[in-house]
Structures are given as structure tokens and as C-alpha cells.
Amino acid sequence: MMAGVPTTTALDPDPATTAARVIVQALAALGVEDVVLAPGSRSAPLAYAIADAARPDGERPAGAPSLRLHVRVDERSAAFLAIGLARASAHGDGDQVHAPRPVAVVTTSGTAVANLHPAVLEAHHSGLPLLLLTADRPHELRGTGANQTTDQVGIFAGAVRLTVDVPAPVGRPDEARSLRRTISRAVAAATGARTGDPGPVHLDLAFREPLVPGDSPWPEPSTAGLTVVQARHLPPSSTTGALPAVADPTAPARRGGVPTVLVAGDGAGPTARRLAEANGWPLLAEPSSGARGGSHAIAAYRLLLAHPLLGGAVRRVVVLGRPTLSRPVLQLLAREDVEVIVIAPRGADWPDAPRNAADVLLEPPARMRQGRMPAPAGWLDSWRAADAAAGSAIDAVLDGLDAGRRSRSGTRVTGPALARVVAQVSGADDALVVGSSNPVRDLDLVARWDTPPVVLANRGLAGIDGTVSTAVGAALGLPTRRVRALLGDLTFLHDVGGLLRGPLEAPVHLQLVVANDDGGSIFATLEPGEPARADVFERVFGTPHGADLAALCAGYGVRHTRVSDVDGLLPALASPGPGLSVVEVRVDRTGRRVLGERIAAEVAHAVDGVLAG
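Every value quoted in this text rests on a predicted model; they were computed, and no experiment measured them.

Can you walk me through the packing of aromatic side chains in this structure?
Centre distance and the angle of the planes are the two values used to describe a pair of aromatic rings. Overall, the coordinates contain three aromatic pairs when judged by the stated rule. Between Trp 379 and Trp 383 the ring centres are 5.8 Å apart and the planes differ by 70°, which places this aromatic pair in the edge-to-face class. Of this pair, Trp 379 and Trp 383 are both found in helix H12 (residues 379–403), four residues apart, which corresponds to roughly one turn of the helix. Like Trp 379, the residue Trp 383 is buried in the burial classification. Aromatic pair Phe 537 and Phe 541: ring centres 6.1 Å apart, planes at 25°, arrangement stacked. Of this pair, Phe 537 and Phe 541 both sit in helix H17 (residues 537–542), four residues apart, which is roughly one turn of the helix. For Phe 541, a relative accessible area of 29% gives the class partly exposed.

Explain the nonpolar core here, please?
Proteins that are soluble and globular tend to have nonpolar side chains buried together. Leu 262, Leu 304, Val 317, Trp 383, Leu 418 and Val 585 are the most contacted members of the largest nonpolar core, which totals 78 residues. Those residues within four positions of Leu 262 in sequence are excluded, and the remaining contacts are Ala 272, Leu 275, Ala 276, Trp 281, Pro 282, Leu 283, Leu 284, Val 318 and Leu 320. One finds Ala 79, Leu 81, Leu 456 and Val 508 within the second-largest nonpolar core, a separate group that totals 49 residues.

Honestly, the sheet that holds strand E14 (residues 483–488) in this entry has me stumped. Any pointers?
Sheet strands pair via backbone hydrogen bonds, and the direction of the pair is either parallel or antiparallel. On the basis of which strands lie adjacent, the open sheet formed by six strands has the order E13-E12-E14-E15-E17-E16 and parallel pairing. The open sheet has two edge strands, strand E13 (454–456) and strand E16 (559–563), and neither has a second partner. Going across the sheet, the axis of each strand differs from the next one's by a mean of 20°, ignoring polarity. Note: strand E15 (residues 510–516) against strand E17 (residues 580–586), seven bridges, orientation parallel. Opposite Val 513, over in E17, you have Val 583 as the bridge partner. Packing of helix H14 (residues 438–446) onto the sheet brings it into contact with strand E12 (431–434) and E14, and relative to E12 it is tilted by some 130°.

Scoring rules and cut-offs
Residues numbered from 1 in each chain as written. Predicted model: local features only at pLDDT ≥ 70, side-chain atom pairs only at ≥ 80, totals over all residues. Heavy atoms only, no water. Phe/Tyr/Trp six-rings, centres within 6.5 Å; stacked < 30°, edge-to-face > 60°. Helix = DSSP H or I, 4+ residues; strand = E, 2+ residues; numbered from the N terminus. Buried < 20%, exposed > 50% of the residue type's maximum accessible area, 1.4 Å probe, protein only. Core = buried A, V, L, I, M, F, W, Y, C linked by side-chain atoms within 4.5 Å. Contact = heavy atoms within 4.5 Å. Pairing = 2+ DSSP bridges. Axes fitted to C-alpha atoms, helices over the stretch in contact; angles between N-to-C directions.

Read these as layout, nothing more, since geometry by itself doesn't imply function.
This is how it looks when you write it as C-alpha cells:
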């Protein structure tokens, strides 16, 4: 070597493989346990690294961490499976609720990335930590017409917490440290460690050939570049449901005696129930609130809000979570004579669609936690009595319909009757995934639980996208619980590809209960379903399809059972058995609007009688 001539460090001959392995090591070190992979060529470095990490103990190469791998061929399905895994990770055994763990999704380039968008939007609006690892061509090939190459950077716009365009590695010694820094920032952004606003993160990872590994070993695990990010303090009640003690329990109560209800929307958590019980408030809790149960829960609340002595007398509403199901609730929150207090511990935004909130708080104030904001005497008792009468009236209508339809032909099951049985067979140790449209609203009307199951629903945007895949992810993430899903036929058909599971993938133990009314009955209950608009209703709203669900299930190798009457429901639902199965329940759609009107009328009559007495 000549004096004065600088030495050069040899470049790694396999930079894509090394970079992918460092990324996988960093993800595992920062708490990622599950990765969902859709196959592709440009993402091969990541695929090989994750496959190594997913090998059983004793078979993993030295340096490879331990991860669970889930492979799906459809990127949209893969992303919603990750949604299900993330939702499930918040629920362990018992009733404790934790912050969801980040879940990674890996795709190749091109349209594969665009197919993630529906799930990204759901994760964005639900605050779920998804790590989107999308492979890309190196920068010199972008904008050249290279195959399967488009502008992927920024494709998710404002729906992600962070976007990083990671250049293709060239094998420099400092690249591993830089990658660990990037992954540290990505995980911190996804979990909301600094912001309190968890959500999806996009890492667009460029790779040059060679894309397949050579003979080089895994790099030694290292903390060089890994950043320990202190999590932003969140009120204890927002994550664990605990009601922490405060300094002065003898302080005088203020603002007591106001007729108050607590509205628990999606994701409210057990704090909502405890606050209602501490203050003696009626609890108007959506099924996916995590709060629906106990002596203060009012099942038929959306019908009772129409009564002048109940909903009409409310003067204060405390809101936790994000209410999305009921127009009567939104109308209540919009009233000028109602004080609306929103408790929103996470994120920059808060739920206030009517734009009427008086206060937006990070946590319940001390007087609320200590039960020093009581409603007037008899307030809760009136709601309880009315709810009991409403429940009896609803049962009478549904049981009467069943008794009148015992014929050899025709549909004998209604949506609310099906939801009632699903609620009855779903115990405290179970999990229930609920699809949008009528299934979640039917369950909201009839579910009466003391200790509810874990109820999960994609209420971030309340779409029907990816519900089957979300349920599969939830079942994989909750292996100690019996998992069911209640969904409509259009929701099932929209994501029927979610049934596809390769023979090398982990088995899924899940019962899908499909309310098949041959179309979209939700619209029958809305303005398009008014009789005066019937001329085009079937084609553009009802959308009958005539699909053979049994044949679809057979094609995917999924066990299928068809139920046509109420008597067959309980035997079909009570013991799902192992594996993935579909219970198709033929449901009446033609009388859906009339049924809703009849239930409302019977409930109003029954409640009038109770409150007048």
C-alpha cells in the first residue's frame, strides 16, 4: 500500500439481503411480532429474511429473530388481515385492554401498493399501528418506464403518520445503523409514542439486484442506531380502563343532578362503563365500544332516545370513543339544550360530528372519576325500566314473526333475530367480529350482556372492505378465544378472497355467520327505501346477486352450513368446531323497513305504559 493513498472499505456484495435482514432484526427488537406478506419479486430480500425469522426454534439461522409470518396472495386481504391482528393484540386473556402492537405488511411494487389503501384508511381513522413495507425500484429506474414501477412515495398522502423513501442500499458499512434509525422512527410514529396519535406508517424500500440471498450469514444483532423513544404520557384510564385515585376525595361535588347519559362509541374501552356506574348514568354503548355490559347498559337506547321523558330530558352527554351507529345519538349530540363533554385521550382530532362539544378533555376529571356528578334521583331507574320493557317488546315482535313463518318455503329468519342468537351464544371468553351495515346495528339493538365478549369492528370508516380478512386476523391473534364473525352477504362477497389460505399457513379457527338476504337491506331502512322511491331501488340499492355461497365455500375448501329457520340457528352456532366454517343464514329483506317500524312502534307503546305507571 502506498503511503498517503486512502484505503477504501469493501462494499457488501449482497446489500439488499443484508439491509432486509437488518430491517427484520430492528422490527423484532422494537416489538413487532407479526408480519403479513404478499409475494412478489422486488420484495424478495424481505421475504427471505422474514421466512428465516419465521422458522421454528432450533432451525433459525444465527442472528435471525423470531417472528410470526402470515402469507396471503391478495395485498388488500393481507392488509386487512394485519388490521385484525392489530385489533386482536389489544385484547389478551381477561378484560384488560392494551395498546395495539404494530403489525408489518410487506408487498412488492406497483399496484400491490395501491391495494393496501383501503386498509390504510381504516387504520388511519382507527388509530391502528400498521407498518407498510413496500418494495420499490431504485431511484435510477423511476420515471423511465421500467416494468411495475410507479410513484409510490406519498401514495397514501395524509393517511399515514410518516412516509420515508428509503434509497437502495449499496453495501456501505454505515447503512445498517441508518436503517435502524429509520425503523426506530417508523415504529415510534406508528405507535404514537411521541404524538399520542398511532396509525399507519409507510416505508418505501428500494432494492437493486441481486434480490435473492447468497451465502453470507446474518449480521450480528446490534443496538447501534436503535433509538429508545420514551412514550408520551397518556391518562391511565385511556389504556387500561383504570380510574386512578385523585388527591381530594372530600371536595364538594359540582354540576351534579343534571340528567346525564354516557355515550360509548367504538373503542371507548372499559373506562366508559366504570364512569357510568360511578355516577349512576345510563350507559348508551355501541357493541364495539368495549363498554357494553353491566347494570347500567341500555340495549335499546336508540329507540328510547325518541321518548320525551328519556332522550328528551337529557341535558348532558359524556362521550368516549367514536359513536357511528345511530342517527338518534347524533341528533342528541347536536341539540342546543344538551351539554356535550368529549373525552378524547389520543390523537389531534376528537369525535364531534355535530360540532356541538362544549368541552374536549384528555381524561375524565376528578369529580367524574369519583362519582361526584350524579344524575337526579330516579333517572337511571327510569331508563332501566324502559329498557326492560323495550327488550320484552322486541322479543315479542321477533318471536311472533318466527311463530308465523313456519312454512315449507320462504325465509323465516330476520336480521335482528339472527343477531339476538349470535349475542346469546357469544360468551365473555369469546370474540365477535361484526360487519358494517345492518349486522352491527341489529346487534346494537338486541345484545344484552352482563360481561360482553370482545367485540371488534372496522368502524374507522365503517366500510364493508376486508371484513372476512379482518376476522381471520382476529382469530389468528386470539388463539385462546372462540371467534365468530357476523356479517352480511355483500360484505362476505366483497372479501370472499379472505377465505383463501394456503396449505402452508397456520390454521384458522373462525366461524363466519353470514346473513344472506340477497342484497343490501341497510338501504331499505334509509331514505332510498321509502315506498315512493321503489322504482329503481332493487337495481341500484338492493343489488340482488343470486350468488351460491355454498359453491364459493366449496371452491375454497371451507365448511358450509345453510340455516333457513330460527330453530336451526342455535345448533349451528353454539359449537363452531375447529377450522374455518361458514354458517349461511337466509334472512328476509322484503319486510326489513316494515319490521323496523313495527319494532319502534311496539317499543314506544311498551315504554309509555311503564313510564306512565
